[in-house]
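# Examination of the molecular architecture
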Amino acid sequence: MTCEKNTANMERMEEEIDSAEYRRYQHFLTLSKWDHQAVIHKVQAQALEALAAQKKINKLPVGLLIDESSHVKKGNESVGVSRQYAGSVGKVDNCQVGVYASLNNDTSATLIHEKLFLPESWTEDTRRCDRAGIPMDRREFRTKPELSLEMIDECVGNGVCFDWIRGDGLYGHSGELTRGLDERGLFYVLDVHRDEMVYLEEPPIAVPEPVSNRGRKLTNPKTDRIPFRLDTYCGCLLDQHWKKAKIRKTAKGWLRLMVHTCRVWSWDGREDRARERTLVITKTTGKKPKIKYSFSNGGVDEYGAKDYGYFQAQRYWVERTFDDSKNELGLSDYQVRKWSGWHHHHSLVFMATLFMMTERIANGINCPLLSVRDLRILMIVLLFGTPEDYEKRLEQMEIRHKNRKADIDRHYQNDKKT
């Protein structure tokens, strides 16, 4: 049998599995009335239980990682599909975009929530929404940061506990999201872009006094202080302004970062005051360092350089979860067009990502290099192959892990020498 083949697509599943029928799969995903939200709530509870247990062992915080991901599609009937930026291919393409939440502790992460982004070309077209079965209360246009805040509220309402929130520059730049998190008392470390403008002292902000009685009355607040870009500020830092931090183990040795933190003020030009933030700048070591910028509502002295470096570096795991979910578990391989089908499919994939994570945690001591791909192949052989097939695949995996571990160990030996 061909264990390497991904059978997530319903037509491929029908080909590979005896007694399978495409119409039954389609009915189960699109027409049946089971509650995908109940499934997601169960996934959230079990994911939290698993990662809370991990936290007791490794003493590392649990994070809620927010990010969007795209699914390239053909045609214009699939719910939410539009020509928009598709991060999966790095360009504008015909795709659907979802906003996702992943729960993370150390190297363990799993998807626990989602919201389908509906462009205005959908929310303004009643007939199109009717055909796709979009509920009436979901037809109002919401930005991705708005969807993420709604998703965070639902996670909290469902009892999901986490220590910090992480997201990329789209979310860090959103004043609506960051103000909402401030109001909720939720700690975050969100990326911002290098051209973000900041003040090193709190700027005085007020509506200017009129110079005469003529003309329209001024209503927009102003400041006489001049902000500067983050990359300009970073370029002025000296060696003594950075702290070295050893963040976590990777397959190529320790992840080491240079970390700088300071107190800044950010103003969007609309509020009557600037918001105090902790600016976190990290850069990798080496000849061509990669620099990342983040804003946090945590105090500059509330956490150390290593802590802030860890919070910022953990965004890697939501990208890793997307890769595993798409390449191994079929996150993008659905053949449904309607609202219900999209959410049903996602809740089933979330169940699979949770299972994979808990299996990797359970086998972490005896098989620390166990991957989602390894588990998928072994499960297929176990279900549809012979005992001889399973033993063969297991032996192949063990040899592959042994060779990989030797390569990883060489990186750490070289790390000690330097």
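Residues numbered from 1 in each chain as written. Predicted model: local features only at pLDDT ≥ 70, side-chain atom pairs only at ≥ 80, totals over all residues. Heavy atoms only, no water.

Before going further, it helps to examine the pairing of strand E12 (residues 291-296). Consecutive residues of a regular strand have side chains that alternate between opposite faces of the sheet. Summarising the sheet, strand E6 (residues 188-192) and E12 pair through four bridges and their orientation is antiparallel. In the strand pairing of E12, Val192 is matched with Tyr293. Here strand E11 (residues 275-284) pairs with E12 via six bridges, running antiparallel. Looking at the pairing, Leu279 lines up with Phe295 of E12. (Pairing = 2+ DSSP bridges. Helix = DSSP H or I, 4+ residues; strand = E, 2+ residues; numbered from the N terminus.)

All right, on to the pairing of strand E1 (residues 62-72) then. With respect to burial, E1 is a largely interior element, nine of its eleven residues being buried. Across eleven bridges, E1 lies against strand E3 (residues 91-105) in antiparallel orientation. Residue pairing in the sheet places Ser69 in a bridge with Gly98 of E3. Pairing geometry for E1 and strand E5 (residues 164-167), over three bridges, is parallel. For Gly63, the partnering residue across the bridge sits in E5 and is Trp164. (Buried < 20%, exposed > 50% of the residue type's maximum accessible area, 1.4 Å probe, protein only.)

Evaluation of the coordinates by the stated rule reveals 28 salt bridges. Close ionic contact of Asp168 with Arg315 constitutes a salt bridge, the shortest N to O distance being 3.4 Å. Here the residue Asp168 occupies a position in the loop between E5 and helix H7 (169-172), and Arg315 occupies one in the loop between helix H10 (305-313) and helix H11 (316-327), the gap between them amounting to 147 residues. The exposure classification of Asp168 matches that of Arg315, with both residues buried. (Salt bridge = Lys/Arg side-chain N within 4 Å of Asp/Glu carboxyl O.)

Looking at where Gly269 falls in the secondary structure, it is placed in the loop between strand E10 (253-266) and E11. Between the C-alpha atom of Gly269 and that of Ile205, which follows or precedes it by 64 residues, the distance is 9.3 Å.

A separate point is the packing of aromatic side chains. For any pair of aromatic rings, geometry is given as the distance between the ring centres together with the angle between the planes. Within the structure shown, the criterion is met by twelve aromatic pairs. Relative to Phe311, the ring of Phe187 has its centre 5.4 Å away and its plane inclined at 75°; by these criteria the two rings are edge-to-face. Of this pair, Phe187 sits in the loop between helix H8 (175-184) and E6 while Phe311 is found in helix H10, placing the two residues 124 residues apart along the sequence. Ring geometry for Tyr303 versus Tyr308: centroids 5.6 Å apart, planes at 75°, classification edge-to-face. Feature note: the residues Trp164, Phe187, Tyr303, Tyr308, Tyr310 and Phe311 constitute an aromatic cluster, connected by ring pairs. For Lys144, the ring lying beneath its charged end belongs to Phe117, and the centroid distance is 5.1 Å. (Phe/Tyr/Trp six-rings, centres within 6.5 Å; stacked < 30°, edge-to-face > 60°. Lys NZ or Arg CZ within 6 Å of the ring centre and 35° of its normal.)

A few words on the nonpolar core. Grouped together as the largest cluster of nonpolar side chains are 79 residues, with contacts concentrated most on Leu64, Ile66, Leu103, Phe162, Ile165 and Leu181. Among all residues touching Leu64, those that are not within four sequence positions of it are Ala101, Ser102, Leu103, Ile112, Ile152, Phe162, Trp164, Ile165 and Arg166. Membership of the second largest hydrophobic core comes to 14 residues, among which are Met258, Leu279, Ile281 and Tyr293. (Core = buried A, V, L, I, M, F, W, Y, C linked by side-chain atoms within 4.5 Å. Contact = heavy atoms within 4.5 Å.)

Mapping Arg142 onto the fold places it in the loop between helix H5 (126-132) and helix H6 (144-157). Its relative accessible area of 17% is what places Arg142 among the buried residues. Polar side-chain contacts of Arg142 include one of 3.4 Å to the backbone oxygen of Asp137. Among the polar contacts listed, one links the side chain of Arg142 to the backbone oxygen of Glu140, at a separation of 3.2 Å. Beyond its immediate chain neighbours, meaning those up to four positions away, Arg142 contacts Phe117, Asp137, Leu147 and Glu150. (Polar contact = N/O pair within 3.5 Å; in protein donor to acceptor, adjacent residues only side chain to side chain.)

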